[in-house]
Amino acid sequence: MTDNIISMTKINKFYDDFHVLKNIDFSVKKGEIVVVCGPSGSGKSTLIRCINGLEDYTDGSLMVNNNEIKTLKKDELREFRKNIGMIFQHFSLIQRKTVFENIALPMQLWGYKKEEISKKVKELWVLVGLEEKIDSYPKELSGGQKQRVAIARALTLDPQILLSDEATSALDPNTTTSILNLLKQINEKLDITIILVTHEMEVVKQIAQKALLLEHGNI
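I will try to describe carefully the structure that is included in this document. Residue positions within a chain follow its written sequence, with the count starting from 1. Restriction of local features to residues with pLDDT of at least 70 applies here, the model being predicted, together with a cutoff of 80 or more for giving and counting side-chain atom pairs; totals for whole chains, interfaces and linings are based on all residues. Values reported for side chains reflect all heavy atoms of the structure, with hydrogen atoms and water molecules removed beforehand.

1. Things to note about the layout of surface pockets
Thought 1: Only protein atoms enter the 1 Å grid used here, on which a cavity is any set of points holding a 1.4 Å probe that cannot leave and a pocket is any open set flanked by protein within 12 Å on both sides along at least five of seven lines; residues with an atom within 4 Å of a point are listed as lining. Grid points are joined across faces, edges and corners, and a volume is the space filled by probe spheres set on the points. By volume, the largest pocket amounts to about 590 Å³.
Thought 2: Helix and strand labels come from DSSP, where a helix needs a run of H or I of at least four residues and a strand needs a run of E of at least two; each type is numbered from the N terminus. At the level of secondary structure, the elements contributing two or more residues to the lining of the largest pocket comprise helix H2 (74-81), strand E6 (84-88), helix H3 (99-109) and helix H5 (143-155).
Thought 3: For the lining of the largest pocket, the leading source of residues is E6, giving four residues.
Thought 4: Here the lining of the largest pocket is composed, by residue class, of 13 nonpolar, four polar and four charged. Amino acid classes used here: Ala, Val, Leu, Ile, Met, Phe, Trp, Tyr, Cys and Pro are nonpolar; Asp, Glu, Lys and Arg are charged; the rest, including Gly, are polar.

Encoded structure:
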(Lines give C-alpha, C1' and ligand atoms only; values in the text may rest on other atoms or scores of the structure.)
Protein backbone atom coordinates (compact mmCIF):
# COMPACT_ATOMS: atom_id res chain seq x y z
CA MET A 1 0.00 0.00 0.00
CA THR A 2 1.18 3.50 -0.78
CA ASP A 3 0.25 6.82 0.81
CA ASN A 4 -0.33 8.24 -2.69
CA ILE A 5 -3.99 9.04 -3.24
CA ILE A 6 -3.29 9.62 -6.97
CA SER A 7 -0.62 7.86 -9.05
CA MET A 8 -0.10 8.43 -12.78
CA THR A 9 2.28 6.26 -14.74
CA LYS A 10 3.08 6.91 -18.42
CA ILE A 11 -0.29 8.57 -19.08
CA ASN A 12 -0.85 9.46 -22.75
CA LYS A 13 -3.92 11.13 -24.17
CA PHE A 14 -4.71 11.68 -27.85
CA TYR A 15 -7.56 13.54 -29.52
CA ASP A 16 -7.38 11.83 -32.93
CA ASP A 17 -3.80 12.62 -33.99
CA PHE A 18 -3.26 15.39 -31.45
CA HIS A 19 -1.05 14.22 -28.55
CA VAL A 20 -2.40 16.19 -25.54
CA LEU A 21 -0.68 14.44 -22.60
CA LYS A 22 2.73 12.86 -23.07
CA ASN A 23 4.04 10.16 -20.73
CA ILE A 24 2.84 11.83 -17.54
CA ASP A 25 4.39 10.35 -14.38
CA PHE A 26 3.15 12.05 -11.26
CA SER A 27 1.81 11.25 -7.81
CA VAL A 28 -0.12 13.11 -5.12
CA LYS A 29 -0.05 12.20 -1.44
CA LYS A 30 -3.16 12.27 0.72
CA GLY A 31 -3.69 15.75 2.19
CA GLU A 32 -1.36 17.60 -0.22
CA ILE A 33 -2.18 20.84 -2.01
CA VAL A 34 -0.85 20.47 -5.55
CA VAL A 35 -1.00 23.12 -8.26
CA VAL A 36 -0.97 22.15 -11.95
CA CYS A 37 0.18 25.18 -13.90
CA GLY A 38 1.13 26.09 -17.43
CA PRO A 39 -0.01 28.18 -20.38
CA SER A 40 -3.36 27.84 -22.12
CA GLY A 41 -3.57 24.65 -24.18
CA SER A 42 -0.82 22.85 -22.23
CA GLY A 43 -3.12 19.99 -21.16
CA LYS A 44 -3.92 21.08 -17.57
CA SER A 45 -7.70 20.77 -17.71
CA THR A 46 -7.49 17.50 -19.65
CA LEU A 47 -5.24 16.10 -16.93
CA ILE A 48 -7.66 16.80 -14.09
CA ARG A 49 -10.63 15.63 -16.17
CA CYS A 50 -8.81 12.30 -16.45
CA ILE A 51 -8.53 12.17 -12.64
CA ASN A 52 -12.32 12.25 -12.15
CA GLY A 53 -13.05 10.08 -15.17
CA LEU A 54 -14.65 12.83 -17.29
CA GLU A 55 -11.98 12.16 -19.94
CA ASP A 56 -10.47 8.79 -20.73
CA TYR A 57 -6.73 8.37 -21.33
CA THR A 58 -5.25 6.51 -24.28
CA ASP A 59 -2.72 4.45 -22.37
CA GLY A 60 -0.81 4.28 -19.09
CA SER A 61 -2.08 3.80 -15.55
CA LEU A 62 -4.08 6.28 -13.47
CA MET A 63 -4.80 5.10 -9.94
CA VAL A 64 -7.04 7.19 -7.69
CA ASN A 65 -7.81 5.77 -4.24
CA ASN A 66 -6.49 2.40 -5.44
CA ASN A 67 -8.92 2.40 -8.41
CA GLU A 68 -7.62 2.16 -11.98
CA ILE A 69 -9.94 4.71 -13.59
CA LYS A 70 -10.28 3.14 -17.02
CA THR A 71 -11.41 -0.21 -15.60
CA LEU A 72 -14.39 1.30 -13.71
CA LYS A 73 -17.84 0.46 -15.06
CA LYS A 74 -20.53 3.15 -15.35
CA ASP A 75 -22.09 2.54 -11.89
CA GLU A 76 -18.68 2.24 -10.25
CA LEU A 77 -17.60 5.50 -11.89
CA ARG A 78 -20.65 7.32 -10.52
CA GLU A 79 -19.89 6.02 -6.98
CA PHE A 80 -16.19 6.88 -7.44
CA ARG A 81 -16.98 10.47 -8.51
CA LYS A 82 -18.89 11.00 -5.27
CA ASN A 83 -15.46 11.09 -3.64
CA ILE A 84 -14.18 13.94 -5.83
CA GLY A 85 -15.46 17.52 -5.49
CA MET A 86 -15.05 19.90 -8.41
CA ILE A 87 -15.04 23.71 -8.62
CA PHE A 88 -14.97 25.69 -11.85
CA GLN A 89 -13.93 29.11 -13.16
CA HIS A 90 -17.50 30.30 -13.78
CA PHE A 91 -19.04 28.87 -10.58
CA SER A 92 -21.76 26.82 -12.41
CA LEU A 93 -24.49 27.84 -9.96
CA ILE A 94 -28.18 27.46 -10.75
CA GLN A 95 -29.55 31.00 -10.98
CA ARG A 96 -33.11 30.25 -9.87
CA LYS A 97 -31.99 28.40 -6.72
CA THR A 98 -30.94 30.04 -3.44
CA VAL A 99 -27.52 29.60 -1.88
CA PHE A 100 -28.98 26.92 0.39
CA GLU A 101 -30.54 25.05 -2.56
CA ASN A 102 -27.36 25.27 -4.64
CA ILE A 103 -25.25 23.80 -1.83
CA ALA A 104 -27.84 21.09 -1.10
CA LEU A 105 -28.14 19.94 -4.72
CA PRO A 106 -25.60 17.05 -4.76
CA MET A 107 -27.13 15.53 -1.60
CA GLN A 108 -30.63 15.82 -3.08
CA LEU A 109 -29.47 14.06 -6.24
CA TRP A 110 -28.04 11.23 -4.13
CA GLY A 111 -31.29 10.90 -2.18
CA TYR A 112 -30.19 12.04 1.29
CA LYS A 113 -32.87 12.78 3.89
CA LYS A 114 -33.95 16.40 4.46
CA GLU A 115 -32.56 16.54 8.02
CA GLU A 116 -29.14 15.26 6.87
CA ILE A 117 -29.06 17.82 4.05
CA SER A 118 -30.05 20.67 6.37
CA LYS A 119 -27.38 19.75 8.96
CA LYS A 120 -24.62 19.42 6.35
CA VAL A 121 -25.48 22.64 4.50
CA LYS A 122 -25.45 24.58 7.80
CA GLU A 123 -21.99 23.22 8.66
CA LEU A 124 -20.70 24.20 5.23
CA TRP A 125 -22.13 27.70 5.04
CA VAL A 126 -20.40 28.46 8.37
CA LEU A 127 -17.15 26.97 7.04
CA VAL A 128 -17.21 29.15 3.90
CA GLY A 129 -18.49 32.25 5.75
CA LEU A 130 -21.86 32.73 4.05
CA GLU A 131 -24.24 32.73 7.04
CA GLU A 132 -25.79 36.05 5.95
CA LYS A 133 -26.43 34.95 2.38
CA ILE A 134 -28.14 31.60 2.71
CA ASP A 135 -31.49 32.75 1.24
CA SER A 136 -29.90 34.92 -1.46
CA TYR A 137 -29.82 34.07 -5.16
CA PRO A 138 -26.58 33.96 -7.22
CA LYS A 139 -27.35 37.27 -8.95
CA GLU A 140 -27.21 38.98 -5.52
CA LEU A 141 -23.69 37.70 -4.78
CA SER A 142 -20.20 38.96 -5.63
CA GLY A 143 -17.79 36.74 -7.60
CA GLY A 144 -15.99 35.68 -4.43
CA GLN A 145 -19.26 34.78 -2.69
CA LYS A 146 -20.37 32.73 -5.71
CA GLN A 147 -17.11 30.81 -5.57
CA ARG A 148 -17.64 30.17 -1.85
CA VAL A 149 -21.06 28.69 -2.66
CA ALA A 150 -19.45 26.52 -5.35
CA ILE A 151 -16.80 25.33 -2.88
CA ALA A 152 -19.44 24.48 -0.25
CA ARG A 153 -21.44 22.56 -2.87
CA ALA A 154 -18.31 20.61 -3.87
CA LEU A 155 -17.85 19.53 -0.22
CA THR A 156 -21.39 18.28 0.51
CA LEU A 157 -20.65 14.61 -0.21
CA ASP A 158 -17.47 14.62 1.97
CA PRO A 159 -15.01 14.09 -0.88
CA GLN A 160 -11.41 13.08 -0.23
CA ILE A 161 -10.19 15.07 -3.25
CA LEU A 162 -11.13 18.58 -4.38
CA LEU A 163 -10.32 19.55 -7.98
CA SER A 164 -10.26 23.22 -8.92
CA ASP A 165 -10.20 24.17 -12.61
CA GLU A 166 -9.07 27.82 -12.94
CA ALA A 167 -11.35 28.61 -9.99
CA THR A 168 -9.69 31.96 -9.24
CA SER A 169 -9.06 33.30 -12.74
CA ALA A 170 -12.36 35.25 -12.89
CA LEU A 171 -11.61 36.94 -9.53
CA ASP A 172 -9.64 40.05 -8.58
CA PRO A 173 -6.35 39.60 -6.63
CA ASN A 174 -7.82 40.31 -3.15
CA THR A 175 -10.72 37.92 -3.69
CA THR A 176 -8.31 35.32 -5.09
CA THR A 177 -6.25 35.54 -1.88
CA SER A 178 -9.34 35.10 0.32
CA ILE A 179 -10.46 32.05 -1.71
CA LEU A 180 -6.97 30.51 -1.52
CA ASN A 181 -6.93 31.09 2.25
CA LEU A 182 -10.31 29.35 2.48
CA LEU A 183 -8.97 26.38 0.49
CA LYS A 184 -5.94 26.15 2.83
CA GLN A 185 -8.28 26.16 5.81
CA ILE A 186 -10.43 23.41 4.23
CA ASN A 187 -7.31 21.38 3.50
CA GLU A 188 -6.18 21.63 7.15
CA LYS A 189 -9.59 21.17 8.78
CA LEU A 190 -10.97 18.39 6.61
CA ASP A 191 -7.68 16.78 5.48
CA ILE A 192 -8.82 17.01 1.85
CA THR A 193 -6.32 16.61 -0.99
CA ILE A 194 -6.61 19.66 -3.26
CA ILE A 195 -5.48 19.94 -6.88
CA LEU A 196 -5.69 23.38 -8.46
CA VAL A 197 -5.30 24.05 -12.17
CA THR A 198 -4.14 27.57 -12.95
CA HIS A 199 -2.07 29.68 -15.33
CA GLU A 200 -1.46 32.28 -12.57
CA MET A 201 1.97 32.07 -10.92
CA GLU A 202 0.68 34.06 -7.90
CA VAL A 203 -1.65 31.16 -7.06
CA VAL A 204 1.30 28.76 -7.15
CA LYS A 205 3.29 30.98 -4.75
CA GLN A 206 0.39 31.45 -2.33
CA ILE A 207 -0.85 27.91 -1.87
CA ALA A 208 1.16 25.13 -3.54
CA GLN A 209 2.94 22.49 -1.47
CA LYS A 210 3.94 20.88 -4.74
CA ALA A 211 3.63 22.20 -8.32
CA LEU A 212 3.49 20.50 -11.70
CA LEU A 213 4.34 22.61 -14.76
CA LEU A 214 2.89 21.41 -18.06
CA GLU A 215 4.05 22.61 -21.45
CA HIS A 216 2.71 21.11 -24.69
CA GLY A 217 1.55 18.07 -22.73
CA ASN A 218 4.97 17.44 -21.12
CA ILE A 219 5.94 17.85 -17.47
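2. Overview of the packing of H5 against helix H6 (residues 173-190)
Thought 1: Interhelical geometry of H5 versus H6 gives an angle of 20° and a closest axis separation of 10 Å. As summarised for this structure, H5 and H6 are arranged roughly parallel, according to the angle between their axes. Once H5 is placed against H6, the crossing between them reads as right-handed. Residues Gly 144, Gln 147, Arg 148, Ile 151 and Leu 155 of H5 form the contact with H6, whose participating residues are Thr 175, Ser 178, Ile 179, Leu 182, Leu 183, Ile 186 and Leu 190.
Thought 2: Across the contact of H5 with H6, the residue classes break down as seven nonpolar, four polar and one charged. Simply put, an axis is a line fit to the C-alpha atoms, just over the touching stretch for a helix, and the angle between two N-to-C directions goes from 0 to 180 degrees. When an angle is under 35 degrees it counts as roughly parallel; over 145 it counts as roughly antiparallel; between 65 and 115 it counts as roughly perpendicular; any other value is oblique. Should the near helix be turned counterclockwise from the far one by less than a right angle, the crossing is left-handed, whereas a clockwise turn marks it as right-handed. Any two residues whose heavy atoms approach within 4.5 Å are treated as being in contact.

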